[in-house]
Structures are given as C-alpha cells and as structure tokens.
Protein chains: 2
Amino acid sequence: MPPRADLDLPIRIDRGSRVPVHQQVAEALRRAIGDGVLAPGARLPSTRAMSEVLGIARNVALVAFDELYAEGYVEGRPGSGTYVARDLPAAPRPMKEAPISSARWKARAVAAPIEAADPPGCISFRLGVPSTSPLAPEVWRRMWREVGDREPPSGYAAPAGEPRLRAAVAAYLGRSRGVTCSADELVITTGAAQALDLLVQATLDSGEAAAIEEPGYPTARRILQLRGARLVPVPVDEDGLRVDSLPSGGDAPVLVYVTPSHQYPVGMRMSIGRRLALLEWATTNDALVVEDDYDGEFRFGAPPLPALAGLDRAGRVAYVGTFSKILMPGLRVGYLLAPRPLRERVMAIKRLTDYHTPWPEQQALAGFCERGELERHVRRMRRYYAENRAVLAATLAPIAELARLRGLEAGLHAYLELRDDLDPERVGARCRERGVVVSTLADYFAGPPDRQGLLLGYGGLDPHDVRNGATVVAAAVRDEASCTGESTVAALRGRLARAR
Amino acid sequence: MPPRADLDLPIRIDRGSRVPVHQQVAEALRRAIGDGVLAPGARLPSTRAMSEVLGIARNVALVAFDELYAEGYVEGRPGSGTYVARDLPAAPRPMKEAPISSARWKARAVAAPIEAADPPGCISFRLGVPSTSPLAPEVWRRMWREVGDREPPSGYAAPAGEPRLRAAVAAYLGRSRGVTCSADELVITTGAAQALDLLVQATLDSGEAAAIEEPGYPTARRILQLRGARLVPVPVDEDGLRVDSLPSGGDAPVLVYVTPSHQYPVGMRMSIGRRLALLEWATTNDALVVEDDYDGEFRFGAPPLPALAGLDRAGRVAYVGTFSKILMPGLRVGYLLAPRPLRERVMAIKRLTDYHTPWPEQQALAGFCERGELERHVRRMRRYYAENRAVLAATLAPIAELARLRGLEAGLHAYLELRDDLDPERVGARCRERGVVVSTLADYFAGPPDRQGLLLGYGGLDPHDVRNGATVVAAAVRDEASCTGESTVAALRGRLARAR
C-alpha cells in the first residue's frame, strides 16, 4: 500500500504480517519521529482521522498512541491533541547501509581463511573432513536421546568442562595415546582451534615469536597472527620439525606449534629422537610446545610413537586433541592437557570467551565414550579409512614415476609429491576441469615453498569416490607430464632451429 | 608389585589394567630410557630373562622390544642383543609437578571471576540463572530427538551460524523486540559473552578506551580488561546511562557497553531520550554502541521501549541477545546483529576462535523456534517470573522503610536499595548465616560505589523459595536496623556519659 497523502505520514499496514496492527502504526510513527519527518512539537493526526484514513479500528490507533506516550515519544493525551515530544534530541540522520568505515575502529586486518565452496557434484579431496556415514544411526540417536532424557540444568557448567567427559577423555588418552593424566588436568574446549587459541592467549604477548612447521596448518598460523605473534617458520624433513633450526637463547620463540603424530600437511611422523630433542630445546629455552594430535587415532601399520605429552617430564608440553576427526567437526568439541599454572590461565580466559563448551554436546559425548562407543567407532573408522587409503595407493601406483604418494602411515589425507618439472597448479586445474577438487601444497607455506605437490584428503569420501577421484588425478598428472614433455621437446626444437 | 631387583628395571605389570602387557613393558622401558635410568648404549636384558623375571610370555617381551626398535629407542635385534639407542639426545630431567613459573610467558594476570559455589541446601538469589523446571520434558526431549533424527554432517558449518536458526532469530527479534533484520545480518555465537568478546576484538586495540555502566556487568568489564581496554566507568541514574558524562572528541571511547532494557544490575530501563542522545553521541564521536539485551524478554506491566538497534539509522549499534535467560545458560547460544563491515570482522575472528557454534544445539533451537515453542515458553516464563516477582515484592513490602525494592519492571532480578545507615555486607552475612545467599551491589562497581544495596536474583527459584528467602532477607534487614539503632543509641549514651 502506498503512503496515504491525505494523512501525510508514511504508514503502511501489512495485514498479512504477524506484527499486530497497533505495533505497525506505533513503529511507523516512531520512525517518522526518529527520522525527523515529524519534528518535535508537531501535532499528530487524531485517532479518529487515523482510523478513517488507515482503515483501522479507532481503538487500535489509541493503543498505538498510548504506547508512544508511555515511551516518551509524544506528549498530551489522545482526545485533547497529541504532539511529538519537545525534549527529544535531534535524531541521527538516516543512512541507508551505513559504511562505518570508521578510522577509529581497529584497522588491523583479520586474515580470513580462503574457503571456496566445492562445486556441486564434484569429488572433493578436501582436508580435515571425516566420514560420518559409518556411524550407526542408532548410536547417534542414542547420544541425543540421552541428552533429551536428562534434566536441563538451570545454571552454568564448569569452564573446564563436564567431569563425566573429562574422565572419559583421560581414560581414552591413557589407553590409546599413552598419555597418563587425570580428569582434573583436562580442559574441554569448543574445538581444537579454541584450544590452540586459548593456549596462545595464555602464553604469548603481541609481538613475541612463535614457531610453526613449514609447511604447516594454516589455521594455526592465522590464530597466531590474530594474537599478534611474530611467526618463525621452521622447515620439516623426513623426521619432522628440524629442531636444529629453532632459534635459541634470546631469539627463542615463546611457543612452538607441532603436529608430531601426522605432520600437517605432508604427513610424516616426528621421530623419537626429534621428539626428545624438541623437549630438551623447550626446557633449555623456557618455551612451550603445543602438540596438536588432530588425527593421531588413525594409524595404519606403523606402531604408535609416544606423544610428546607422554614423554614430557618438565611441564613443557600442552597437548591438544579433538573429536572433529574421530566423530565430526560440527560437534566442536576438543580438549587440552596443560601444566597446572597454564591450565588455570586458560580456564580464566575461557570463562570470559564462551564461559564453557555447551553442555548438551559434552553430555552426548560422555555417554558415547562411557558406553565404549568411542573406541568401537575408532576401530570401525580405521578399517574404513584403511580401505580408502589402499584404494588411493593402488589407483595412483601406476604414476609412481611422476608422483609419489607420501604420509600414508597415519591420518586422513596423503601428500602427492610431484616430479620437479610438473606444475601442481596446472595439475590441480586439470583435476577441477574434470570435477575433482584437490589442494596444492603451496597454500600451506608461510614463506616460499621448498617442495611441491598436491594434498589428497580421503577422509570424507567413500572408497568408490576415492577410486574415481584418484583415477582423474592420475590422468591429470599424466596429461600434464606429456604436455610438459611436448613443450620441452618443442622448446628444444625451437632452440635447435634458431641455432641452425 | 615392587621393582624386581634381579632385573634392575622398574617394570610393574598390572594384570587388572586394560593396557595390554606388551604395552606396559614397552612404556616402562621408554620411561627408564627417557629418565636416564637406562643410558644410551646400555644393554637390555634378553627377552628370555624378561619373560622369566616378569612372569610373561616370551612373545610378549618380543613384541615390546619390536615396538621400541621401530620407535628408535633401541638398537640391535632381539636374539643378538638389544641396546639403548646411542643417538638419543639426553632426556630432560624428571621434574614432578613442574612449576613452570616461566618469566617469558605472558605475565599479565587474567581477572578471574569470583564465583564461590553456593553452600548446599541454601536458597540462592544468584543473578543470571533462569528456571528450567517450567520447560515441559516432552518439549525438551523433542528438541534433541530431532537432532538424533538428522543425519550428522561430515563438514564444518558456516561461522555465522545455521541458516535455519538465524532465520528463526531474525523473525523473533522483529516480532518481540521491534528489531527488523534479515537472517544474513545475524551471527550465532557461543553465548552472549562470546558475542561481546568478538565485538571488542573487532573494534578495539589494546590501550583504547571503552565506556561501561557504573555499576555494571562484571563479565563485560573483565572481557574488556582481557582485551586491554582502558575502562571509562559512566554513572547511571533513573533514566539509564548518563550520556552527558561520556567523554567526547579525542577522549571519546571507541565503544560503549550498555544494557538499556534492564540495566545490569540496578534494573532501570534507559529512557527514550537517553537512547536517542546515546545514538547521537555515537554518530558524532565515531563510536560503537554495544546493546546487551540479555533479559529484555521479561517485562512486567511496563510497555516495551524500542531497542537501540531498532532506532539506529547510522550503523552505530551492535545488538547482543542470548538464549541463556530465555531457556538455559548451559546451551551457550547467543547472537549478535551488527553493521556489515563489523559483522565480517566478527565472523573472521570467530572462524579462528571456535570456527562455529556447535551444530547440534543450533538445530535443536531452530526446531524449538520454528514450532513456536520459543514464544510459548517466553509467555510461560513471564507468568512464572511474574509470580516470583509478586511474591518477592509482597514479602519485602513490610520493610519498605528500611529497604526499597527497585528494577522490578523487567528481568529476573531486583535491586534492594538499603537505607543509608544499613551496611549491605552485614545484612548479606546475616542472610548467609540463615542459609540465604544474596549479592551486594558493591561488587558491581569498577570504582567507588555511589549507592548501596543487595541484589536479588529470583529467576532460578520457585515461588516457595522466593517467599522463604525473602522472609529471611526481611528479617536480616530488620535485625541489622535494630542493631544499628542500638549501637547508635549506645554511641550517643557513651558520648553523653563522657560529656558529663
């Protein structure tokens, strides 16, 4: 309905709306007053006039006026004339889609992760995604039925997490990762990212140095940047982080972030010698080692190596784990284990950032662990991923001369190292053209890459898609090699022709 | 079992443990090597000797040695002699309960909230706790049954929140708070504390000024301190924040945190004049107003005042809401509405702090809203709290000369203003002696208090406990008054005696 000129007020009644008519009228008048269309002291139309012009009951107009009167927008009384209040300060001028490019608001840019959505229908070798299809629907239903059967708590829970879940995680870490701890030493976090962020906030001041693996986990890098860390990228080799490349003494970083179970993203495990050397470095240099064991549950063939947190005797390691890869990332439940003074700082910060990780997820997971479902699920997923891994290896075996598959001993993804003359970007583009999404290793470096290749996350796919996707990857690598070969031949021919 | 001297290794086999025996043996040897009990190059006992001394199958000892060999802890081969590897770096010395009072780790103390647990069996007028008992068990069960019936997602959700829930919240805000917004303008957060923390991180640099209400919400104050804000406490009067006390120009704070619906903790509503003046100040001074509408749903008698976010035409308001008071704090679901550039910064930071608020409760809440349960529940709770409020007012009416109950128009708590000569700490102590917990207003001031009294949160109690608790409070106030009166009489008598 267009504005009614005879009333001279932009009141539109939407009779299909769930908002009561008197509220619509009051809101329109508030806006007119706020926008200065109705100036202080201006006389408002009578309720009789409003009811006639707008086609509403007079009583409805009266209720709207009463509201505005109670709120202080209008003065006088309906019947004896109603006026816009005189003591209202001049309202801010309306600004549609205000830009607020405020010079005063924090100018520092936040490094937003590049996360393009996968094209629909593609096969995506995206990293960090598990499969949820092997989770039996009745197991999943039971988790939430149990939450619904519990009495909802009226208060807040402990910032450190639900005692039931902490006890279950402590028992699990002892059995599966050789990390001996008590429930009291654990803090349940809203995902592993929060665990890392809290540890960084608790130990590092803006401008201080933090070491990261190079290549490494981009989210860890961005969290450190968000907290103002000066990044010290440290190369990795076959044995993991090059501890001998870590600065010592006054230049030593305050913390070192590592993924020893399955280096993210290239996939090797940190050797025992390197683990001990890293602990020694941390003790000597008064530093914290953050051990992110994001997918250490998934080992294939290779024996487990002791976690840094299990080897640590000097209180220098904070251990971070997550249910994101074991179960699903959408739960947002992780945990951390840290020496007491650090843990207390972490809890005080967590109390101020989200108070505690939501209660329902913690209850659902605690029941899942207590019933032994967690370990059954991990065993089931190991078999599932082992098949994916075997299919991937078998499908890519024929191109071993051109591309070597690495980092298969653990985790949910592998690194496909390409022959030096093959351009990963071009291979990736060839894959995408055929509906297969892969990542290139270059995106995982903070500085210039020292190696090149593709990353293939096989956690979120079923074996059928792994085979089809890997077949496309193999073809793309072959095509790129023959194209490179042809262009080399063409270049040599050209050079020869010019030489003649 | 004590260490076996004949083997000279501290290996204890715990046959009741779920840890396989070979793992127990391997772990004991790892520790002995790590602790330096077994030096590099030391010869290990043969598997035959181990099996005899420990009473284990020889094969079990072999498996343990194989593990250590694969891990690089030992050299040589079982059968031809096994030695501790020579290239292990010296292990860090064991330090039981390491203090890690690191001089290098962030020294700034985190202001940990004082949250003493209530004594068991007491009646607690604690603030910020709702009642969950009026929530029908079948409604609660249905929320979680729906989660269990949905297919668990294998990927991450959007950092801004589930579209279903955002749409439901947008519709609710329009109907109940007069705030018109689209789902896209909302960000679902892990509780209101996170919403505030994200807004602070997105706008304020360490050392910059932020204005808070005085008295005000301690958690907001601590979040601002955590992020390095310079606090500017601004007094409140009957109309809310004294906008005329806000510094302007170069001294103007970057953001102002306010609770206009029901000032936390003294309970008045910000008048419409003040609201408009605050918006004008923010526009003139290039500042952000953070409007925390933590319990605006619960109004009694008084008409709703338009939210600042509904009045704002200049993109100067970020609105924060929560399900903690409507439903339960343990869910940790809140939301914020902010102008686009700010919202994008908030989302980028949220992505790095917890990625997104957990998926299950977003689904549970979305269903709850979509079925109309949210509004039914709010109506039910309004009636429930109205009864609590009426009981509180009636029980404390007889002591009106000594203590005035205020801030009852909205929310889940009231402010009991004590007569000037009554000491709130002493009244509070008298209450505690009789099993009733109350808060004193002084704890809610950043600086010296300009008024005194008690705070009575009646949200988490049933009417019966409200009556009993308030009866104790009334008696405690009376006792304190007569004691104060007596001591005044005694003091006067003493003075008179000395004068004679």
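Computed from a prediction, not measured in an experiment: that's the story for all the values here.

A. View of the overall build of chain A. For chain A, the count of helices and strands is 14 helices and 16 strands. Relative to the compact-globule value of 23 Å for 500 residues, chain A shows a C-alpha radius of gyration of 31 Å, a clear excess of over 25%. The principal-axis extent of the C-alpha atoms belonging to chain A is close to 95 × 75 × 55 Å. The buried share among the 500 residues of chain A stands at 58%. In chain A, once contacts between residues fewer than 6 apart in sequence are set aside, the share between residues at least 24 apart is 73%. Roughly 19400 Å² of accessible area belongs to chain A as shown, and the carbon and sulfur atoms make up 51% of that amount. Across chain A, the 64 positively charged side chains and the 61 negatively charged ones have centroids separated by 2 Å.

B. A look at the confidence of the model for chain A. Residue and element names in this part refer to chain A. Here chain A averages 88 in pLDDT, and 91% of its residues register 70 or above. Within chain A, strand β4 (residues 186-189) carries the highest mean pLDDT (98), whereas strand β1 (residues 74-76) carries the lowest (80). Confidence drops under pLDDT 50 across residues 1-6; counting only partners more than four residues distant or on other chains, this segment forms six contacts. In the predicted assembly, ipTM is 0.82 and pTM is 0.82.

C. Examining unusual backbone geometry more closely. With omega at 10°, the peptide bond leading from A:Tyr264 into A:Pro265 counts as cis. On the secondary structure map, A:Pro265 appears in the loop between β8 (255-258) and α8 (272-284). A cis amide bond links B:Glu214 with the next residue in sequence, B:Pro215, at an omega value of 0°. Turning to its location among the elements, B:Pro215 is positioned in the loop between β5 (209-214) and α7 (218-226). A positive phi angle is found at B:Asp286, which is not glycine, with a value near 55°. By the secondary structure assignment, B:Asp286 is in the loop between α8 (272-284) and β9 (288-292). Of the residues examined, B:Asp286 reaches a relative accessible area of 17% and is grouped as buried. Its identity is not glycine, yet B:Tyr355 carries a phi of approximately 65°, on the positive side. Along the polypeptide, B:Tyr355 turns up in the loop between α10 (340-353) and α11 (359-370).

D. Main features of the sheet that holds strand β7 (residues 240-241) of chain A. Residue and element names in this part refer to chain A. The sheet built from eight strands is open, its strands ordered β4-β11-β10-β9-β8-β5-β6-β7 with mixed pairing. The outermost strands of the open sheet, each flanked by one partner alone, are β4 and β7. Pairing of strand β5 (residues 209-214) with β8, which is carried by three bridges, proceeds in the parallel orientation. Of the residues in β8, the one forming a bridge with Ile 212 is Tyr 257. Helix α5 (residues 163-177) rests against β4, β10 (317-322) and β11 (334-337) of the sheet, and its axis sits at about 110° to β4.

E. Layout of helix α1 (residues 21-34) of chain B. Residue and element names in this part refer to chain B. In this model, α1 (14 residues) spans 20 Å end to end at C-alpha, consistent with the 20 Å of a helix rising 1.5 Å per residue. All buried positions along α1 are accounted for by Gln 24, Val 25, Ala 26, Ala 28, Leu 29, Arg 30, Ala 32, Ile 33 and Gly 34. Here the buried face of α1 lies against α2 (47-54), α3 (58-71), β1 (74-76) and β2 (82-84).

F. Spatial organisation of the nonpolar core. Grouped together as the largest cluster of nonpolar side chains are 183 residues, with contacts concentrated most on A:Leu278, A:Val473, A:Val477 and B:Val473. Filtering out sequence-adjacent residues up to four positions away, A:Leu278 remains in contact with A:Leu241, A:Val243, A:Leu246, A:Val256, A:Val258, A:Met270, A:Val289 and A:Leu308. Grouped together as the second largest cluster of nonpolar side chains are 60 residues, B:Ala193, B:Ala195, B:Ala202 and B:Ala220 included.

G. Spatial organisation of the pattern of salt bridges. Overall, the coordinates contain 48 salt bridges over all chains when judged by the stated rule. Among the salt bridges present, the one from A:Asp149 reaches B:Arg141, with a minimum N-O distance of 3.1 Å. Residue A:Asp149 is found in helix α4 (residues 137-149), and its partner B:Arg141 is found in helix α4 (residues 137-149); the two belong to separate chains. Residue A:Asp149 is classed as partly exposed on the basis of its relative accessible area of 48%. Here B:Arg340 ties to B:Glu344 by a salt bridge, and the two come within 3.3 Å at their closest N and O atoms. With B:Arg340 and B:Glu344 both in helix α10, this residue pair falls four residues apart, about one helical turn.

H. Quick peek at the sheet that holds strand β4 (residues 186-189) of chain B. Residues and elements named next belong to chain B. Strand order in the open sheet made by the eight strands is β4-β11-β10-β9-β8-β5-β6-β7, with mixed pairing throughout. Since the sheet does not close on itself, it has two edges, and those belong to β4 and β7 (240-241), each with one partner. Note: β9 against strand β10 (residues 317-322), four bridges, orientation parallel. Following the sheet pairing, Glu 291 is matched in β10 by Tyr 319.

I. Summary view of the packing of helix α6 (residues 192-203) of chain A against helix α10 (residues 340-353) of chain A. Residue and element names in this part refer to chain A. Interaxial distance between α6 and α10 falls to 9 Å at its minimum, and their mutual angle equals 115°. Between α6 and α10, the interaxial angle falls into the category roughly perpendicular. Judged by the twist between their axes, the crossing of α6 over α10 is right-handed. Contacts between α6 and α10 pair Gln 194, Leu 198, Leu 199, Gln 201, Ala 202 and Thr 203 from the former with Leu 342, Arg 345, Val 346, Ile 349, Lys 350 and Thr 353 from the latter. Of the residues in the contact of α6 with α10, the class split is six nonpolar, four polar and two charged.

J. Structural context of the environment of A:Met328. Within the element layout of this structure, A:Met328 appears in the loop between β10 and β11. On the basis of relative accessibility, which here comes to 1%, the residue A:Met328 falls in the buried class. Residues A:Met328 and A:Asn388, spaced 60 residues apart in sequence, show a C-alpha to C-alpha distance of 18 Å. Dropping the residues within four chain positions of it, A:Met328 is found in contact with A:Pro130, A:Thr132, A:Trp140, A:Phe323, B:Pro152, B:Pro153 and B:Trp359.

K. Broad picture of the packing of α6(A) against helix α7 (residues 218-226) of chain A. Residues and elements named next belong to chain A. Relative orientation of the contacting elements α6 and α7 amounts to 35°, with a least axis distance of 10 Å. You can see that α6 and α7 cross each other, and the crossing is right-handed. Residues Ala 193, Leu 196, Asp 197 and Val 200 of α6 form the contact with α7, whose own contacting residues are Ala 220, Ile 223 and Leu 224. Of the residues that constitute the contact of α6 with α7, the class distribution is six nonpolar, no polar and one charged.

L. Examining the packing of aromatic side chains more closely. Applying the stated criterion to the full structure yields 19 aromatic pairs over all chains. Ring plane angle 80° and centroid distance 5.7 Å describe the contact between A:Tyr384 and A:Tyr385, whose orientation is recorded as edge-to-face. There is no split in this pair, since A:Tyr384 and A:Tyr385 are both buried. Each ring, one from B:Trp140 and one from B:Trp144, has its centre 5.6 Å from the other, and the planes form 75°; the classification is edge-to-face. Placement of the pair is B:Trp140 and B:Trp144 together in helix α4, with a separation of four residues, close to one helical turn. Here B:Trp140 falls in the buried class, since its relative accessible area comes to 2%.

Conventions we followed
- Residues numbered from 1 in each chain as written.
- Chains lettered and ligands numbered in written order.
- Predicted model: local features only at pLDDT ≥ 70, side-chain atom pairs only at ≥ 80, totals over all residues.
- Heavy atoms only, no water.
- Helix = DSSP H or I, 4+ residues; strand = E, 2+ residues; numbered from the N terminus.
- Rg over C-alpha atoms; globule rule 2.2 N^0.38 Å.
- Buried < 20%, exposed > 50% of the residue type's maximum accessible area, 1.4 Å probe, protein only.
- Contact = heavy atoms within 4.5 Å.
- Areas by Shrake-Rupley, 256 points an atom, 1.4 Å probe, with all protein chains shown as cover.
- Lys, Arg positive; Asp, Glu negative; His and termini not counted.
- Charge placed at Lys NZ, Arg CZ, Asp CG, Glu CD.
- pLDDT = per-residue confidence, 0-100.
- Pairing = 2+ DSSP bridges.
- Axes fitted to C-alpha atoms, helices over the stretch in contact; angles between N-to-C directions.
- Expected span 1.5 Å × (residues − 1).
- Core = buried A, V, L, I, M, F, W, Y, C linked by side-chain atoms within 4.5 Å.
- Salt bridge = Lys/Arg side-chain N within 4 Å of Asp/Glu carboxyl O.
- Parallel < 35°, antiparallel > 145°, perpendicular 65-115°, else oblique.
- Left-handed = near helix turned anticlockwise from the far one by under 90°.
- Nonpolar A, V, L, I, M, F, W, Y, C, P; charged D, E, K, R; others polar.
- Phe/Tyr/Trp six-rings, centres within 6.5 Å; stacked < 30°, edge-to-face > 60°.

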